[in-house]
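Residue-level structural notes
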Amino acid sequence: VKTDLIVKGDSVPELGKSVMVVYQDNKNNYWFGSWETGVYKYDGKHLVNYTTEHGLINNRIDEIKEDYSGNIYFVSANVTSSISMFDGNEFTTLTAVPSENWKLEPTDMWFKYSYGNTGKVYRYDGTTLYELQLPKPPNLSNPFGVYSIYKDKKGNIWFGANPVGVCRYDGKSFKWITEEDVT
């Protein structure tokens, strides 16, 4: 449901404490995700702070990404199964649907689930936020967490997992490269 609400944020003279992530969007705005005071947007002249009071999902922001349409996404390790999307006017909370719908489309957005040892990730196809469980690597019985996600030039998605190694998903299958494989 779209509204005519335009979130202004609060103009502030400086960044808050504990900035954890920095992102530059396609309009050359800088976004600063903090540990406890939300997210800041700097357009070269003005610094604006957005928090849960403005619709942000949590005041701890650990990951910031942008899609091809210029929407900005915010992930918090303090919140599972949801992320915030900012379309330039308002925040929308995207709630994940548990799924086994592993696909690899060029416009998919991939996000870390949280910093817990769940082995889960999010895939957003522009309509639905899917919560996906990575398959366990061979010879591992312990839980693992996904701490980084990278898309390579061929379109494969790589998941950095602790304490395991990395997993490549090519749209059809998963290939684990464990610490034992490279030591």
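Structure first, text after, so check above.
Here is a short report on the structure shown in this document. Remember, predicted model here, so these are calculated numbers, not experimental data.

In terms of nonpolar packing, the biggest core is built from 16 residues, with Trp102, Trp110, Val121, Leu134, Ile149 and Phe159 touching the most fellow members. Those elements that provide at least two residues to this core are β13 (129-133), β14 (145-151), β15 (157-162) and β16 (165-169). A total of three residues in this core trace back to one element, the largest contributor, which is β15. If we skip the residues at most four places from it in the chain, Trp110 touches Glu63, Lys65, Trp102, Lys103, Leu104, Val121, Tyr122, Arg123, Leu132, Ile149, Ile157 and Phe159. Counting residues in each nonpolar core, the second largest holds 13 residues, with Val21, Tyr50, Leu56 and Phe74 among its members.

Next up on the list: the pattern of salt bridges. Here the structure, examined in full by the defined rule, presents four salt bridges. The partner of Asp62 in a salt bridge is Arg60, with the nearest N and O atoms 3.0 Å apart. Between Asp108 and Arg123 there is a salt bridge, and its shortest N-O distance comes to 3.2 Å. With Asp108 in the loop between β10 (97-98) and β11 (109-112) and Arg123 in strand β12 (residues 120-124), this pair connects stretches of sequence that are 15 residues apart. For Asp108, a relative accessible area of 7% puts it in the buried group.

Turning our eyes to something else, we now look at unusual backbone geometry. Cis geometry marks the peptide bond from Asn162 to Pro163, where omega comes out at 10 degrees. Of note, Ser18 is a non-glycine position whose phi angle comes to about 60 degrees, a positive value. Relative to the helices and strands, Ser18 is located in the loop between β1 (10-11) and β2 (19-24).

Okay, the side chain of Glu131 next. Among the secondary structure elements, Glu131 is positioned in strand β13. With sequence-adjacent residues up to four places away left out, Glu131 is seen in contact with Ser81, Ala96, Val97, Pro98, Ser99, Tyr113, Lys120, Val121 and Tyr122.

Before going further, it helps to examine the packing of aromatic side chains. Counted by the stated rule, this structure contains 18 aromatic pairs. Here Tyr113 and Tyr122 contribute two aromatic rings whose centre-to-centre distance is 5.4 Å and whose plane-to-plane angle is 55 degrees, an arrangement assigned as tilted. As far as the burial class goes, Tyr113 and Tyr122 line up, both buried. Members of the aromatic cluster, connected to one another through ring pairs, are Trp31, Tyr50, Phe74, Phe86 and Phe91.

Another point: the side chain of Lys112. Relative to the helices and strands, Lys112 resides in strand β11. Here Lys112 is buried and forms no salt bridge, its nearest opposite-charge partner Glu63 lying at an N-O distance of 4.7 Å.

Here Val48 lies in strand β5 (residues 47-50). You can call Val48 buried: its relative accessible area is 14%. Through-space distance from the C-alpha of Val48 to that of Asp10 is 5.3 Å; in sequence the pair is 38 residues apart. Setting aside anything within four residues of it in sequence, one finds Val48 in contact with Lys8, Gly9, Asp10, Val39, Tyr40 and Lys41.

Our focus in this paragraph is the sheet that holds strand β17 (residues 174-178). An order of β14-β15-β16-β17 is seen for the four strands of this open sheet, with the pairing classed as antiparallel. Two strands close off the open sheet at either side, each with one partner strand: β14 and β17. Pairwise comparison of adjacent strand axes, ignoring direction, gives a mean angle of 20 degrees for this sheet. In this sheet, β17 lies alongside β16 in antiparallel orientation, the contact comprising five bridges. Residue pairing across strands places Gly165 opposite Thr178, the latter belonging to β17.

Of the two faces of β11, the one lined by Met109 and Phe111 and the one lined by Trp110 and Lys112 are each fully buried. Two elements, β11 and β12, share four bridges in a ladder whose sense is antiparallel. The residue bridging Phe111 from the neighbouring strand is Tyr122, located in β12.

Here is what the cut-offs are and how they apply
- Residues numbered from 1 in each chain as written.
- Predicted model: local features only at pLDDT ≥ 70, side-chain atom pairs only at ≥ 80, totals over all residues.
- Heavy atoms only, no water.
- Core = buried A, V, L, I, M, F, W, Y, C linked by side-chain atoms within 4.5 Å.
- Buried < 20%, exposed > 50% of the residue type's maximum accessible area, 1.4 Å probe, protein only.
- Helix = DSSP H or I, 4+ residues; strand = E, 2+ residues; numbered from the N terminus.
- Contact = heavy atoms within 4.5 Å.
- Salt bridge = Lys/Arg side-chain N within 4 Å of Asp/Glu carboxyl O.
- Phe/Tyr/Trp six-rings, centres within 6.5 Å; stacked < 30°, edge-to-face > 60°.
- Lys, Arg positive; Asp, Glu negative; His and termini not counted.
- Pairing = 2+ DSSP bridges.
- Axes fitted to C-alpha atoms, helices over the stretch in contact; angles between N-to-C directions.

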